[in-house]
Amino acid sequence: MIQGENKLNKFEKLKAEKDGLKVKEQIDDFAQIGWEAMDKNDLEYRLKWLGIFFRPVTPGKFMLRLRIPNGIITSSQMRVLGEIVQGYGSQGSADITTRQNLQLRGIELQDIPNIFNQLNSVGMTSIQSGIDNVRNITGSPMAGLDEHELIDTRDLVQKVQDMITCQGQGNPEFSNLPRKFNIAIEGGRDNSVHAEINDIAFVPVYKNDRLGFNVLVGGFFSAKRCEAAIELDAWVANDQSVVDLCRAILLVFRDHGPRENRQKSRLMWLIDQWGIERFRQEVVAQLGVPLEKAAEKDAMDWHKRDHLGIYPQKQAGLSYIGLNVPVGRLQAQDMLDLARIAELYGAGELRLTVEQNVIIPHISFENLELVKAEPLLNKFSPNPSPLTRSLVSCTGSQFCGLAIVETKNRALAISRELEQRLSLPNPVRIHWTGCPNSCGQPQVADIGLMGTKVSKNGKIVEGVDIFVGGKVGKDAKLGSCIQKGVACEDLIPVLSAILQDNFGAVVKS
Ligand code: SRM
Ligand code: SF4
């Protein structure tokens, strides 16, 4: 029996009433009858098991969240997504997410069956990408390209996704978790995926002379609590053991994770309840084989790179070019151009980063100048200005019903204004998030801005709480809140002061 079944909250009730994945069989009917005629729980919640998000801000215009394992997408896949978005004219767009993923906007329900066929034809899926499911699995965007990488994570990430989603078809075994669940598999030296903020993170490490992973568990952000992941005290080899351990942890979480209170049901709450030792024992019992103890110190000993610009690959004569996609927003034509450029000058592959940027790998020396001459690079620069370069933003009130403030447009406007006023010696990572759910990961940023309401001159206006001190790469650490309730209209002087005091910015003469 699921723990706490007698005290079910609204989400647990709706899952118990009808499994979320059941809507897969009904999608053709929904497309026929239209969203207005649908059962409210199917519309607002269960469709998320298929990656379809009803947007209360734009009723009738849905968001489709894909799964892009390790952030790697082929040009044919990107072209199909671009064509889908193009079909919705000015209402269509896409966003690169903070989990190396893509979300499409403007989608209409009657088109979903056809869209699913199109996704299927290029081997893509959006299954189980929202609500109480395992989200897109992140991995180093340099996997297989970087001569200094320790483990190429591509195959492992795909295998874990296949296990969880039953090869993208949907897996009822994992369709009723107590809450959302994040997994990251890092193979590089610079902790490119913010391993520490995932429910399970695999981080590369040598144990004697064997290369494998230490395992961290329980990292998460929520409105009420944010925690970095802690050591499970386990080492696994770079093979099927990673898949098996993910499966065992998920089964333990599914069967024993607390379900009464949505604010207290992420994996860390179960670890708190049991203690890490008992949690480890339960995982071992589920796994059916002993777990080796962790190796002493992980091998993530580099500062984090943002991969923007042109860099040589380990494959002789080939380079990758990282392009800055301001706040991750893509229009249909951008997607079609990216697909074309990757095909024409690369190997038909693109990669997404958790900084909401894009990388085109496998470009030969002769083709580099041709790529640099592409008009798209005027919009998505390989060498952007220091604040735009590292800007990350969640969706915010333009499309998200939980948002307290507008983020993406404001984030860009404020960064550009600050760049006009200040000279900055180095990029500064500013992350915006429109509410305390922290999708924009403000706690990992140099400066994090979290949307809130502020009372100013007798009026309620949009504002932010300010975080600083997030450290990424080796020895990553979460930042903390230093100032609460700054009205967005007053942010320029406040951020200007923080940039001058802490990041060496100088006012331009
Ligand atoms: Fe998130 C809910 C967007 C990454 C923590 N998140 C939402 C919803 C689905 C709310 C809604 O229904 O409107 C947002 C959809 C808005 C929209 O239309 O785009 C949303 N989250 C996002 C994305 C798109 C932000 C972005 O612009 O990149 C990211 C999608 C990732 C993906 O591809 O799957 C996104 N969300 C995150 C992250 C960052 C991460 O995973 O590294 C977090 C914090 C880390 C974590 O989860 O531990 C995050 N999102 C949340 C939460 C708080 C979870 C909790 O335990 O309380 C919610 C609200 C909830 O689940 O109740 C939420
Ligand atoms: Fe929406 Fe809040 Fe997440 Fe931003 S942080 S996408 S506003 S839920």
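Residues numbered from 1 in each chain as written. Chains lettered and ligands numbered in written order. Predicted model: local features only at pLDDT ≥ 70, side-chain atom pairs only at ≥ 80, totals over all residues. Heavy atoms only, no water.

A. Structural context of the environment of N120. Counting through the fold element by element, N120 comes out in helix α5 (residues 112-121). Sequence separation of N120 and G434 is 314 residues, and the distance between their C-alpha atoms is 33 Å. (Helix = DSSP H or I, 4+ residues; strand = E, 2+ residues; numbered from the N terminus.)

B. View of the sheet that holds strand β12 (residues 230-237). Reading across the sheet, the 5 strands line up as β6-β7-β8-β9-β12 and stay open at both edges, with mixed pairing between neighbours. Among the strands making up the open sheet, the edge pair consists of β6 (138-139) and β12. Summarising the sheet, strand β8 (residues 200-207) and strand β9 (residues 210-217) pair through 8 bridges and their orientation is antiparallel. By the bridge assignment, P204 is partnered in β9 with F213. Contacts between helix α6 (residues 154-165) and the sheet are confined to β6, β7 (183-185) and β9, with β7 contributing the most and set at about 155° to the helix. (Pairing = 2+ DSSP bridges. Contact = heavy atoms within 4.5 Å. Axes fitted to C-alpha atoms, helices over the stretch in contact; angles between N-to-C directions.)

C. Up close: the side chain of D465. Mapped onto the fold, D465 is located in strand β22 (residues 459-468). On the basis of relative accessibility, which here comes to 10%, the residue D465 falls in the buried class. In contact with D465, other than residues within four places in its own chain, are G448, L449, M450, T452, C481, Q483, K484 and G485. (Buried < 20%, exposed > 50% of the residue type's maximum accessible area, 1.4 Å probe, protein only.)

D. Structural context of the side chain of E12. For E12, the location among the structural elements is in helix α1 (residues 10-17). Looking at E12, the relative accessible area reads 3%, which means it is buried. A polar side-chain atom of E12 sits 2.9 Å from a polar atom in the side chain of K15. Those residues in contact with E12, other than ones at most four positions away along the chain, are D132, N176, L177, P178 and R259. (Polar contact = N/O pair within 3.5 Å; in protein donor to acceptor, adjacent residues only side chain to side chain.)

E. Representation of helix α14 (residues 491-503). For α14, the complete set of buried residues consists of L491, I492, V494, L495, S496, I498 and L499. Downstream of α14 by one or two residues, G504 has phi in the positive range, about 70°.

F. Layout of the site of ligand 1. In the neighbourhood of ligand 1, 29 residues make up the surrounding shell, with R55, R105, K180, T395 and C439 lying closest. Side-chain polar atom of Q103 to an oxygen atom of ligand 1: 2.9 Å apart, as the coordinates give it. Those elements giving two or more residues to the shell around ligand 1 turn out to be β2 (62-65), β5 (102-107) and β10 (220-221). Split by residue class, the shell around ligand 1 holds 9 nonpolar, 12 polar and 8 charged. (Near = heavy atom within 4 Å. Nonpolar A, V, L, I, M, F, W, Y, C, P; charged D, E, K, R; others polar.)

G. Up close: the packing of aromatic side chains. Following the criterion strictly, the structure yields 7 aromatic pairs and no others. Pairing W274 with F279 gives two aromatic rings, centres 6.5 Å apart and planes at 40°, and the pair type is tilted. A relative accessible area of 14% places W274 in the buried class. Between the NZ or CZ atom of R262 and the centre of the ring of F11, over which it lies, the distance is 3.9 Å. (Phe/Tyr/Trp six-rings, centres within 6.5 Å; stacked < 30°, edge-to-face > 60°. Lys NZ or Arg CZ within 6 Å of the ring centre and 35° of its normal.)

H. Structural view of unusual backbone geometry. The backbone of C166 shows a phi angle near 55°, a positive value even though the residue is not glycine. Mapping C166 onto the fold places it in the loop between α6 and β7. Although it is not a glycine, H194 adopts a positive phi angle of roughly 55°. By the element assignment, H194 lies in the loop between β7 and β8. By relative accessible area, H194 is classed as buried at 3%.

I. Highlighting the coordination of the iron atom of ligand 1. There is one protein donor for the iron atom of ligand 1, and it is C439 (SG), at 2.3 Å. Residue placement: C439 occurs in the loop between β20 (430-433) and β21 (447-456). (Donors = N, O, S within 2.8 Å, 3.2 Å for Na, K, Ca; no water.)

J. Examining the sheet that holds β5 more closely. If you walk across this open sheet you meet the 5 strands as β1-β2-β5-β4-β15, and the pairing is antiparallel. What marks the edges here is a single partner per strand, and that holds for β1 (52-53) and β15 (329-330). Two elements, strand β4 (residues 93-96) and β5, share 4 bridges in a ladder whose sense is antiparallel. Among the inter-strand pairings, I96 is bridged to a residue of β5, identified as L102. Contacts from helix α4 (residues 75-86) reach β4 and β5, with the element oriented near 25° to β5. Contacting β1, β2 and β5, α5 crosses the sheet at an angle of about 20° to β2.

K. Here's a closer look at the confidence of the model for the protein. Per-residue confidence for the protein gives a mean pLDDT of 96, with 99% of residues at or over 70. In the predicted structure, residues 1-5 sits below a pLDDT of 50 and forms 9 contacts with residues beyond four places in sequence or in another chain. (pLDDT = per-residue confidence, 0-100.)

L. View of the packing of helix α7 (residues 240-256) against helix α8 (residues 267-274). Close contact between α7 and α8 brings their axes to 10 Å; oriented N to C, the two are set at 80°. Classified by the angle their axes make, α7 and α8 are roughly perpendicular. Between α7, through I249, V252, F253 and H256, and α8, the contact on the second element is made entirely by L267, L270 and W274. Across the contact of α7 with α8, the residue classes break down as 6 nonpolar, 1 polar and no charged. (Parallel < 35°, antiparallel > 145°, perpendicular 65-115°, else oblique.)

M. Up close: the nonpolar core. The biggest cluster of nonpolar side chains holds 59 residues, and the ones touching the most others in it are L81, L102 and L104. Beyond its immediate sequence surroundings of up to four residues, L102 is in contact with L64, R65, L66, I68, I73, M78, L81, D95, I96, T97, L330 and L352. Counting 43 residues, the second-largest nonpolar core is a separate cluster that includes L150, V217, F220 and F279. (Core = buried A, V, L, I, M, F, W, Y, C linked by side-chain atoms within 4.5 Å.)

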